[in-house]
Amino acid sequence: MPLKIVLLFLFCIIPATNLLAAHQEHPNIVVILADDFGVGDIQAHYPKNKIPTPYLDRLVSQGMSFTDAHSGSAVCTPTRYGLLTGRYSWRTRLQEWVVAAYEPPLITRDRLTLPGLLKKQGYQTACVGKWHLGWQWAGPQSSRMMEKKNGQWKLQWDFKKPIKGGPTERGFDYFFGVDLPNLPPFAFIENDHVTSLPTEKFQLDPGEGIVLPKGFVGAPTAPGWRMQKILPEITKRAVRYIHDQAKQDAPFFLYFSMTSPHEPVVPSEKFRGKSGIAPIADFVMETDWSAGQIIQAVDKAGIADNTVVIFTADNGHSHYTGWNELIKAGHQPSGPYRGHKGDIWEGGHRVPLVVRWPEKVGAGTRSDQMVCLTDLIATNAEIVGVELPSIGAEDSISFLPSLLNQKNDKQRTSLVSHSNHGEFAYRNGPWKIVFKMSGKNLQQSRGKPTITELYNLDSDISEQNDLTRKHPEVVKQMTVDLQKLIDQGSSRSGQKGANDTKVRFDISQEVRWAPAS
């Protein structure tokens, strides 16, 4: 049979998307980041837990689950910074909490980012969902770092003008989403403009859900704004993006940064009451559904074989959105671990991490390799076959060998964790040393020496037995090692960097935004 006829026959029987995928040198990459989704919230990982997660259970059966995976922080902004830059956020001036409403970009213009790296390799890059890394809003005053949390929300801003310093200036070709769902302005943003001017004022509607942003009544709001529509809308947009890009011959990177189950807890109508437990459980189920739509879009577009899908979360499950109802129902959002969102304990920063890459990553497998979300940039760089530059991605170590079930002589063996209040913990193998604040709250602790505690996670996964007195030599060595890792500005082998400010773990943070060094 002539070659032309054979090729014509193949073209007729093979979907066009499969043909395009076959010509791609690099795989598509989809990162799904859930918001306040606990390490125990995937039912396939913890079968005794009570919230059904059928979509994520299926992903677990198709990919590799990492049982020792951690977010860079126990709270939102710092983890997002670390995921996109490969650098611990505490190396910036932000030493506690998150970027507040109308504060400036945390990622500097010249910093290497994951989308920026992939763009140079021919990728189309998109962020859909929650940004929460700051912008330069237009107005009679500039966006600035303020010690008072959300101290700028009542100021006047010009929403008709472009919003500078956002995703499309940090490596993404396209953005659609919100700054975050519970801070103003309450409006969708596409690229660098609000899609509908926030000409109305936010009014509280208890019928929307629970843990609503009561403190922002009167804040700028787009006409007809409904918080229940945020997750369905960003899900729809992400699905559309996947189908559109599947028709192109260039690989794509999609960062789907979810707004759930973070507050406001606003499950849409078809999920209300579905769990039979509480609104937060309904919202977890909708989170599972949303992630499932993204994964199914990859499958339906015919590009699954050439697409890396990564599901993870930014920190532990929130303790103020219905935690007690979940525990009472027999659901443990943190699994066997101590603590929750915001904490320096394992429940604050240990997160689910599932990776699917057909024919490359074993289906239904598990790895106990220690991983931090800062490692995504190094891992994806290795996937596309490029070396990280000498400057940037200071705390990123590839876990690709573990994904491929290969020996890894350069795997991560240590980890720095950070709490909502700026507390530090340092992990080396099974040992974890914690430097916790000394008072009952942050204000009582500011500037005072931290309290040191030591745990062995191999024998005490719930962090109940402090071993500082029993192993003072371990305490001493780990303290020295943490100081060294901080001082060298990097945890990548052979690299030296510089922190943006003086970083202290021996005292509780004195300010939220530390002075520039």
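Note that this is a predicted model, so its numbers are computed, not measured. Position numbers for residues count from 1 along each chain, tracking the sequence in the order it is written. With pLDDT at 70 or above as the cut-off, local features in this predicted model cover only qualifying residues; side-chain atom pairs require 80 or more to be listed or tallied, and sums for whole chains, interfaces and linings still use all residues. Side-chain measures here rest on the full set of heavy atoms in the structure, leaving out hydrogens and waters.

> So what exactly am I meant to see when it comes to the overall build of the protein chain here?
Scanning the protein chain from terminus to terminus reveals 13 helices and 18 strands. For this measure, only C-alpha atoms enter the radius of gyration; the expected value for a globule follows 2.2 Å times N^0.38, where N is the number of residues. The globule rule puts the C-alpha radius of gyration for 517 residues at 24 Å, and the 22 Å found for the protein chain is close to it. Projected onto its principal axes, the C-alpha coordinates of the protein chain cover approximately 80 × 60 × 50 Å. Per-residue burial over the protein chain gives 61% buried out of 517 residues. Contacts between residues were defined by any pair of non-hydrogen atoms, one from each residue, lying within 4.5 Å. Taking the contacts inside the protein chain whose residues are at least 6 apart along the sequence as the reference set, 72% of them involve residues at least 24 apart. Only the protein chains shown count as cover for residues, with accessible areas throughout obtained via the Shrake-Rupley method and a probe of 1.4 Å. Here the protein chain has roughly 20,700 Å² of accessible surface; of this, 52% comes from carbon and sulfur atoms. Here the protein chain contributes 58 positively and 53 negatively charged side chains, and the mean placements of these two sets differ by 3 Å. Comment: elements are numbered from the N terminus, with helices defined as DSSP H or I runs of at least four residues and strands as E runs of at least two. Classification of residues uses two cut-offs on accessible area relative to the type maximum, computed with a 1.4 Å probe and protein chains only: under 20% is buried, over 50% is exposed, and between them is partly exposed. In this tally, Asp and Glu contribute negative charge and Lys and Arg positive charge; neither His nor the terminal groups of the chain are included. Think of each charge as sitting on NZ of Lys, CZ of Arg, CG of Asp or CD of Glu.

> Mind showing me how you'd approach the nonpolar core here?
Note on soluble globular proteins: their nonpolar side chains tend to be buried together. We define the nonpolar core as a collection of buried residues of types Ala, Val, Leu, Ile, Met, Phe, Trp, Tyr and Cys that are connected through side-chain atoms lying within 4.5 Å of one another. Within the largest apolar cluster, 116 residues are counted, with the highest numbers of intra-cluster contacts made by Ile-32, Phe-66, Phe-253, Leu-254, Tyr-255, Phe-256 and Phe-311. Here this core gets 11 residues from one element, more than from any other, and that element is helix α7 (residues 279-300).

> What is the right way to look at the side chain of Lys-130 in this model?
On the secondary structure map, Lys-130 appears in strand β4 (residues 124-130). Polar contact is defined as a pair of N or O atoms within 3.5 Å, subject to the rule that within protein one atom must be able to donate a hydrogen and the other to accept it, and that residues adjacent in sequence are counted only when both atoms are side-chain atoms. Side-chain polar atoms of Lys-130 contact the side chain of Asp-35, separated by 2.6 Å.

> Help me understand the pattern of salt bridges, please; the structure alone is not making it clear to me.
Pairing is possible between side chains of opposite charge, provided their charged atoms come close. We define a salt bridge as a side-chain nitrogen of Lys or Arg found within 4 Å of a carboxyl oxygen belonging to Asp or Glu. Across all of its chains, the model carries 29 salt bridges by this definition. Between Arg-504 and Asp-506 there is a salt bridge whose closest N-O contact spans 2.8 Å. According to the relative accessible area criterion, Asp-506 is partly exposed, its value standing at 36%. One connected set of salt bridges, linked through shared partners, spans Asp-68, Glu-346, Arg-350, Arg-427, Lys-432 and Glu-463.

> Teacher, can you tell me more about the state of the cysteines here?
Disulfides are covalent bonds that connect the sulfur atoms of two cysteines. Criterion for a disulfide: a pair of cysteine sulfur atoms at a distance within 2.5 Å. What the rule picks out here adds up to zero disulfides. Between Cys-76, a free cysteine, and Cys-127, which holds the nearest cysteine sulfur, the sulfur-to-sulfur gap is 14 Å. Its sulfur unpaired, Cys-372 is 16 Å from the next cysteine sulfur, which belongs to Cys-76.

> I'm lost on the pairing of β4 in this one. Help?
On a regular strand, each side chain points to the face opposite its neighbour's, so the side chains alternate between the two faces of the sheet. Here β4 lies mainly inside the structure; six of its seven residues are buried. With six bridges connecting them, β4 and strand β10 (residues 252-257) associate as parallel partners. Across the sheet, Gln-124 pairs through a bridge with Phe-252, a residue of β10. Pairing between strands is defined by DSSP: at least two bridges between the two strands are required. Direction of pairing for β4 relative to strand β5 (residues 174-178): parallel, over a ladder of five bridges. Considered in β5, the bridge of Val-128 is made with Phe-176.

> Just to check I follow, could you spell out the packing of aromatic side chains for this structure?
Ring pairs (aromatic) are described by centroid distance and by the angle formed between their planes. Whether two aromatic rings pair depends on their centres lying within 6.5 Å, for rings of Phe, Tyr and Trp, where Trp uses its six-membered ring; planes under 30 degrees apart make the pair stacked, over 60 edge-to-face, and the rest tilted. Applying the stated criterion across every chain yields a total of 21 aromatic pairs. Measuring from centroid to centroid gives 5.2 Å for Trp-153 and Phe-216, while their planes differ by 80 degrees, and the two rings are edge-to-face. Linking Trp-153 in the loop between β4 and β5 with Phe-216 in the loop between β8 (200-201) and β9 (220-221), this pair joins segments that are 63 residues apart in sequence. Take Trp-153 and Phe-216: they sit in the same class, and that class is buried.

> Looking at this structure, I do not really get the packing of helix α3 (residues 54-62) against α7. What am I missing?
To characterise two packed helices, one gives the angle between the axes of the helices and the distance between these axes. Contact geometry for α3 and α7: axes closest at 7 Å, N-to-C directions at 50 degrees. On the basis of the axis angle, α3 is oblique to α7. Residues Pro-54, Tyr-55, Leu-56, Arg-58 and Leu-59 of α3 pack against Asp-288, Trp-289, Ala-291, Gly-292, Gln-293, Ile-295, Gln-296 and Asp-299 of α7. Throughout, the ten residues Ala, Val, Leu, Ile, Met, Phe, Trp, Tyr, Cys and Pro are labelled nonpolar, Asp, Glu, Lys and Arg are labelled charged, and all others, Gly among them, are labelled polar. Considered class by class, the residues forming the contact of α3 with α7 number seven nonpolar, three polar and three charged. Lines fitted to the C-alpha atoms define the axes, with helices restricted to the stretch that makes contact. Angles between their N-to-C directions range from 0 to 180 degrees. Just so you know how the angles are binned, under 35 degrees is roughly parallel, over 145 roughly antiparallel, 65 to 115 roughly perpendicular, and the rest oblique.

> In this structure, what is going on with helix α13 (residues 472-487)? I would like to understand it.
The α-helix advances 3.6 residues per turn, and as a result positions three or four apart in sequence lie on the same side. Every helix has an expected span of 1.5 Å times one less than the residues it contains. Its 16 residues place the ends of α13 23 Å apart at the C-alpha level, agreeing with the 22 Å of an ideal helix rising 1.5 Å per residue. Along α13, the residues classified as buried are Val-474, Val-475, Met-478, Leu-482, Leu-485 and Ile-486. Looking straight down α13, one finds its buried side chains confined to an arc of 95 degrees; they lie on one side. Opposite its buried face, α13 presents the exposed residues Lys-476 and Lys-484, each directed more than 90 degrees away. Contact partners of the buried residues in α13: β15 (414-418), β16 (424-428), β17 (431-436) and β18 (451-456). By definition, the arc is the one covered by directions from the helix axis to the C-beta atoms.

> What is the right way to read the environment of His-193 from this model?
Note on placement: His-193 falls in strand β7 (residues 193-194). Residue class for His-193 comes out partly exposed when judged on its relative accessible area of 32%. In the structure, His-193 is positioned 18 residues away from Phe-175 in sequence and 10.0 Å away in space, judged by C-alpha atoms. For His-193, the residues in contact, after removing those within four places along its chain, are Lys-160, Lys-161, Pro-162, Ile-163 and Phe-188. There is a polar contact of 2.8 Å between the side chain of His-193 and the side chain of Asp-192.

> Sorry, what's going on with the side chain of Gln-95 here?
Assignment of secondary structure puts Gln-95 in the loop between α4 (76-85) and α5 (114-119). A polar side-chain atom of Gln-95 sits 2.9 Å from the main-chain carbonyl oxygen of Trp-90. Side-chain polar atoms of Gln-95 contact the backbone oxygen of Thr-92, separated by 2.7 Å. Contacts of Gln-95, omitting those with residues within four sequence positions, involve Trp-90, His-418, Gly-422, Thr-501, Val-503, Gln-509, Val-511, Arg-512 and Ala-514.

> Quick question: what am I supposed to make of the sheet that holds β18 here?
Adjacent strands of a sheet form backbone hydrogen bonds with each other and so pair up, either parallel or antiparallel. Strand order across the open sheet formed by four strands is β15-β16-β17-β18, with antiparallel pairing between neighbours. Either end of the sheet is taken by a strand with one partner, and the two such strands are β15 and β18. Taken pair by pair, the neighbouring strands of this sheet meet at an average axis angle of 15 degrees, ignoring direction. As defined by bridge partners, β17 adjoins β18 across six bridges and the pair is classed as antiparallel. Bridge assignment links Trp-431 to a residue of β18, and that residue is Asn-456. Lying on the sheet, α13 is in contact with β15, β16, β17 and β18; it crosses β17 at an angle near 75 degrees.

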